[in-house]
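Next come the chains, spelled out residue by residue.
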Amino acid sequence: DRDMTGGEVQTAYFDCAATSAGRFQADFDIKSDQDTSSDTLSVNCTIVAPDLVVSAANITFSDNSPTEGETVTISAGVYNIGNYEATNAVVRFYDGDYTTGKQIGSDHTITLAPQASTVVQENWTAKIGSYDFYVVVDPQVDSNGSIAESDETNNYAYNTIATSMWTIFIGNVTGSLALQTADAR
C-alpha cells in the first residue's frame, strides 16, 4: 500500500523467473482513495522449457538375435517435445538399470531444437544371456540433471536383447549329447 499524488507514476515489478515450466500470473490491486473504486491488473508469464524424451520403442539393435562376440549397435531416438532448445544434453547407455548398471561407452552430448530429434548410437559386444539396455537423457544419477525440463520423468527407457548359446559341429559326429542346466549337475 502506498499513497500517490496526482500524476505520480509507480512501477511494480513481476519477476517471471521460475525453476519449472508453466504459466504464472501476478495480480496487482489498484485502489482509488478519491472514489473508493478499485481495479486489478493481471500480468501473465509463460515459462517454456525443453522436454527430452526417450522411449523403449525408440531403442533398437542392429541385430535382434546376435551371436556371441558379434558387435551390436544400439541406437536410441532422442526427442525434444518441448518448446525450448535443449543445449549440451548428456545421453548415456547402460548395461542394466541406469542406477546400478555399468555405463557402455562414453557420454554423448547433443543439442536439440524444439520439436527436433536425433539418433545416438553405442556399440556392444554380444555375450550369452538376456540384457536390459537403458538409455538416459540428461541423467540425474551424478549430474542431477543439468537441464530444467517441463517433464523430468520421461528421460530414461530400456529395451532387452538376448544372445543365444550356439555350437557348430563340423565333420562326422556320432554319439549322444545330453544337455542339462548348470544347477542340475
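Basis of the calculations
- Residues numbered from 1 in each chain as written.
- Predicted model: local features only at pLDDT ≥ 70, side-chain atom pairs only at ≥ 80, totals over all residues.
- Heavy atoms only, no water.
- Salt bridge = Lys/Arg side-chain N within 4 Å of Asp/Glu carboxyl O.
- Helix = DSSP H or I, 4+ residues; strand = E, 2+ residues; numbered from the N terminus.
- Polar contact = N/O pair within 3.5 Å; in protein donor to acceptor, adjacent residues only side chain to side chain.
- Contact = heavy atoms within 4.5 Å.
- Pairing = 2+ DSSP bridges.

**A few points about the pattern of salt bridges**
Going through the model one piece at a time under the given rule, you end up with two salt bridges. Among the ionic pairs, R92 bridges to D107, the shortest N-O distance being 2.7 Å. Placement of the pair is R92 in strand β6 (residues 86-95) and D107 in strand β7 (residues 102-112), with a sequence separation of 15 residues.

**A short note on the side chain of H108**
As for its placement among the helices and strands, H108 is situated in strand β7. At a separation of 2.7 Å, a polar atom in the side chain of H108 contacts the side chain of E122. With residues near it in sequence (within four places) discarded, H108 still touches A89, V90, V91, F93, V120, Q121 and E122.

**Observations regarding the side chain of D51**
Looking at the secondary structure, you find D51 in the loop between β2 (38-47) and β3 (52-53). A polar contact is formed between the side chain of D51 and the side chain of N154, at a distance of 3.2 Å. In this view, D51 contacts Y79, N80, I81, G82, E149, S150, D151 and N154; residues no more than four positions away in its chain are not counted.

**With respect to the pairing of strand β9 (residues 129-137)**
Relative to β9, β6 runs antiparallel, the two sharing five bridges. Note on β9: the bridge partner recorded for Y94 is Y134. Looking at chain direction, β9 and strand β10 (residues 156-163) are connected through eight bridges and run antiparallel. Of the residues in β10, the one forming a bridge with G129 is T163.

**Topic: unusual backbone geometry**
At Q115, a residue that is not glycine, the phi angle is positive and equals roughly 65°. Of note, Q115 is situated in the loop between β7 and β8 (117-125). Unusually for a residue other than glycine, D138 sits at a positive phi of about 50°. Mapped onto the elements, D138 comes out in the loop between β9 and β10.

Fair warning: the whole summary comes from geometry, so function is off the table for now.
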